[in-house]
Amino acid sequence: MPGEHESYDLGSGAGFYVNATEAPWKAHYRMYDYVIEELPSVVRQHFPVNGRESISGHSMGGHGALTLALRHPGRFRSVSAFSPVVNPMNSPWGQQAFKAYLGEDQSRWRQYDACELVANGASRQRLFIDQGEADQFLEEQLQPERLEAVCEAHDHP
C-alpha cells in the first residue's frame, strides 16, 4: 500500500495485532487473525508440536501477546511481555494506530487494550511482564504502572 513503509510506528512496522476495519488498512492488516489462527495452523502443519502453547512479545509485540492471551482464556500456558505497550488507548502510539486501523469509535479499541480487558474481567490469565527502568519509552508510551494498578484493583494475577 502507498505509504505503509514510511513510519516505524504505523503500517508495516506496527500492525498493533488488530484486525483493521478502516480503509486502506482493512484489506491487508489482519494481524490478530494471523497470529491467533493462521500462524498456529502453519506451525501445526510443519512441526511436531504437542498442543501446549505460550505467547510472548516485546513492546508492541508484548501488547499483542497480552491481548491475545486475555481474549483467549485457557489457550496459552503462559504469556510473557517485555516492555509492552499495556494501555494503547492512552498512549500516543496506540492512539495513532487505533485511529488509523479501527476508526474514531473508541469502543472498538477496548478489545485490543490489556488494561481494558483486565478491568472487564476478560480472563484470569497470569501475566508475566518485565520492564527496564531506563527504557526511553517508559513514561509516554509503555506505562506499565497502569496495568499494575488495574491488576491490583481487580485482583488479577
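Residues numbered from 1 in each chain as written. Predicted model: local features only at pLDDT ≥ 70, side-chain atom pairs only at ≥ 80, totals over all residues. Heavy atoms only, no water.

**Q** What exactly am I supposed to notice about a nonpolar patch on the surface here?
**A** Taken together, the side chains of Y34, L39, V43, F47 and V49 make up a nonpolar region of the molecular surface, amounting to roughly 420 Å² of accessible area. Structurally, the position occupied by Y34 is in helix α1 (residues 31-46). Overall, the relative accessible area of 36% leaves Y34 in the partly exposed class. (Patch = residues over 30% accessible without salt bridge, like charges linked within 9 Å, V, L, I, M, F, W, Y side chains within 5 Å. Areas by Shrake-Rupley, 256 points an atom, 1.4 Å probe, with all protein chains shown as cover. Salt bridge = Lys/Arg side-chain N within 4 Å of Asp/Glu carboxyl O. Helix = DSSP H or I, 4+ residues; strand = E, 2+ residues; numbered from the N terminus. Buried < 20%, exposed > 50% of the residue type's maximum accessible area, 1.4 Å probe, protein only.)

**Q** Just to check I follow, could you spell out helix α6 (residues 144-153) for this structure?
**A** For an α-helix, 3.6 residues make a turn, and residues three or four places apart therefore share a direction. Of the positions making up α6, those classed as buried are L147, V150 and C151. For α6, the buried positions fall inside an angular range of 100° around the axis, keeping them on one side. For α6, exposure combined with an orientation more than 90 degrees from the buried face picks out E148, E152 and A153. Just beyond α6, the residue with positive phi is D155, at close to 50°. (Arc of directions from axis to C-beta.)

**Q** Can you walk me through the pairing of strand β2 (residues 76-82) in this structure?
**A** In the case of a regular strand, side chains alternate between the two sheet surfaces. As paired elements, strand β1 (residues 53-58) and β2 share 6 bridges and run parallel to each other. Among the inter-strand pairings, S56 is bridged to a residue of β2, identified as S80. Here β2 pairs with strand β3 (residues 127-130) via 4 bridges, running parallel. Note that in β3 the partner of F82 across the bridge is D130. (Pairing = 2+ DSSP bridges.)

**Q** Explain α1 here, please?
**A** Taking 1.5 Å of rise per residue, the 16 residues of α1 would be expected to cover 22 Å, and the 21 Å separating its terminal C-alpha atoms lies within 8% of that figure. Remark: the principal bend of α1, roughly 30°, maps to E38, with a proline, P40, within the next four residues. (Expected span 1.5 Å × (residues − 1). Bend = angle between axes of the 7 residues up to and from the residue.)

**Q** Which parts of the structure should I look at to understand the packing of aromatic side chains?
**A** Given two aromatic rings, one states the distance between the centres and the angle between the planes to describe the pair. In the structure shown here, the tally under the stated rule is 8 aromatic pairs. For the pair W93 and F137, a centre-to-centre distance of 4.7 Å together with 50° between the ring planes defines the contact as tilted. One end of the pair, W93, is in helix α3 (residues 92-102); the other, F137, is in the loop between β3 and α5 (138-142), with 44 residues separating them in the sequence. Of the residues examined, F137 reaches a relative accessible area of 28% and is grouped as partly exposed. Ring geometry for F98 and W109: centres 5.6 Å apart, planes at 70°, overall edge-to-face. (Phe/Tyr/Trp six-rings, centres within 6.5 Å; stacked < 30°, edge-to-face > 60°.)

**Q** Sorry if this is basic, but what is going on with unusual backbone geometry here?
**A** As a rule of thumb, non-glycine residues mostly have phi less than zero, and peptide bonds are mostly trans rather than cis. Put simply, A23 and P24 share a cis peptide bond, and its omega is 0°. By the secondary structure assignment, P24 is in the segment before α1. One non-glycine residue, F16, adopts positive backbone phi at about 60°. By the secondary structure assignment, F16 is in the segment before α1. In this structure, Y17 is a non-glycine residue whose phi angle is positive, near 55°.

**Q** Help me understand the pattern of salt bridges in this model?
**A** Charged atoms that come close allow side chains of opposite charge to pair. Scanning the model with the defined rule gives 5 salt bridges in all. Taking the shortest distance from any N to any O, the salt bridge between R108 and E22 comes out at 3.4 Å. With a gap of 86 residues between them, R108 in the loop between α3 and α4 (114-119) and E22 in the segment before α1 connect regions that are remote in the sequence. The partner of R75 in a salt bridge is E53, with the nearest N and O atoms 2.8 Å apart. In this pair, R75 sits in the loop between α2 (60-71) and β2 while E53 sits in strand β1, placing the two residues 22 residues apart along the sequence. You can call R75 partly exposed: its relative accessible area is 24%.

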